[in-house]
Amino acid sequence: MYCRHCIKLGKVQECKPLIHLATSDKTPFLNHSSSLKWKGELSLAQEKASNSVIKAVEEKSSLLLWAVCGAGKTEMLFKGIEAAINKGERVLIATPRVDVVKELSPRLRTVFPSIPIASLYGGSKDQHINAQLVIATTHQVMRYFQSFDVVIVDEVDAFPFSYDKSLQYAIKQARKPQSSLIYLTATPTSQIRKIPKLEIVYVPRRYHGFSLPVPTFTWCGNWRTRLTKKKLPPVVMKWLQERLEAKKPTLLFLPSVDVLKEISHLLGSQSIKHEAVYAADKARHEKVARFRNEEYSLLLTTTILERGITISNLDVAVLGAEDHVFTESALVQIAGRVGRSAKMPTGDVTFFHYGKTDAMVRARAQINWMNKREV
């Protein structure tokens, strides 16, 4: 059973047993030849990364897959997962975010239709915890001890995993003594890059071959002062109006919930159709779904949507990009929301600011650096 000190944010309960499959499982999984049912094709860069994943699985080694936003990281994992499954091994894909678990689960069930798959997150009704392939939030990984031959950590730099030592420890505990560990991210921290004996593989191009969009820095004056007067900076309002008139999908990132609500009220008073989402918004998923369905074209958001959302033909802006909440990685991820579609691989990314920050400069430099790397 669980120690009380291991319970985090109510995601795992004390009454749940700790799962140890390394030695207690008397019925190992049968080999599944040709378990992967996927007819897609990988680009040259994706193929190189895929081969590195297979190698890490076979050699039980550690790997960092540093792939730009929209590079197709999930597809690069397919053959590595297949290699493990065909040997009867167990695979864990862990991510800090529930949204990613919900997105990955149906995709993996489609390409691995004959494999037992569990999808675990707070409130999940899936009880198949002994599945051969487990997709789980990092909190749910606390349920396992020395259970997996392959552990894949997606968005390894994301909150709360990047800040919570107990979640990082849970990942280590979930691995078998001889196992492979694969990190995935577009924005690895310096601590991750310095892990001893960690091979790093770069994927500097998106799956469609186009470069990342480079953000434009636009000074907008003291926008907070203008907001107290129930106004937005003219340059920001002009940028929004152009996209509203064209009915172009637009995300406006804001530094806090208070600012988000204030601007939402301001736009509403001008009869500008939009929605606003933040982490505690119970209708967040429904609002994003309506945005995807083009029921409206402007969505205000906090950094909650910096990852995991793909909308075709999207433009993105950040108001108050100088705020401390917009770290280098957050800004790179935000820029990465744009141009993800092969049919519409470009778009506008604008950082409205009241003074440039080191994070802004480093984010743009990282994007330019990746764009210049050879595939």
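The protein carries the name ComF operon protein 1 in an unreviewed UniProt entry, which gives Alkalihalophilus pseudofirmus as its organism.

A. Focus on the pattern of salt bridges. Scanning all chains against the criterion turns up 20 salt bridges. Close ionic contact of Arg307 with Asp157 constitutes a salt bridge, the shortest N to O distance being 2.6 Å. With a gap of 150 residues between them, Arg307 in the loop between strand S13 (298-301) and strand S14 (315-319) and Asp157 in the loop between strand S7 (148-154) and helix H5 (165-174) connect regions that are remote in the sequence. With relative accessibility at 7%, the residue Asp157 sits in the buried group. Asp315 serves as the salt-bridge partner of Lys248, at 3.8 Å between the closest nitrogen and oxygen. Remark: Asp315 occurs in strand S14 and Lys248 occurs in the loop between helix H8 (234-246) and strand S11 (250-253); sequence separation between them is 67 residues.

B. Representation of the sheet that holds strand S15 (residues 349-353). With respect to topology, 6 strands assemble into an open sheet ordered S10-S15-S14-S11-S13-S12, the strand pairing being parallel. Two strands lie at the open edges of the sheet, namely strand S10 (216-219) and strand S12 (275-277), each paired on one side alone. Strand-to-strand, the axes of this sheet are offset by a mean angle of 20°, without reference to chain direction. Where S11 and S14 come together, 4 bridges link them in parallel fashion. By the bridge assignment, Leu251 is partnered in S14 with Val316. Strand contacts of helix H9 (residues 257-269): S12, S13 and S14, with the helix running at about 155° to S13, the strand carrying the most contacts.

Rules used in this analysis
- Residues numbered from 1 in each chain as written.
- Predicted model: local features only at pLDDT ≥ 70, side-chain atom pairs only at ≥ 80, totals over all residues.
- Heavy atoms only, no water.
- Salt bridge = Lys/Arg side-chain N within 4 Å of Asp/Glu carboxyl O.
- Helix = DSSP H or I, 4+ residues; strand = E, 2+ residues; numbered from the N terminus.
- Buried < 20%, exposed > 50% of the residue type's maximum accessible area, 1.4 Å probe, protein only.
- Pairing = 2+ DSSP bridges.
- Axes fitted to C-alpha atoms, helices over the stretch in contact; angles between N-to-C directions.
- Contact = heavy atoms within 4.5 Å.

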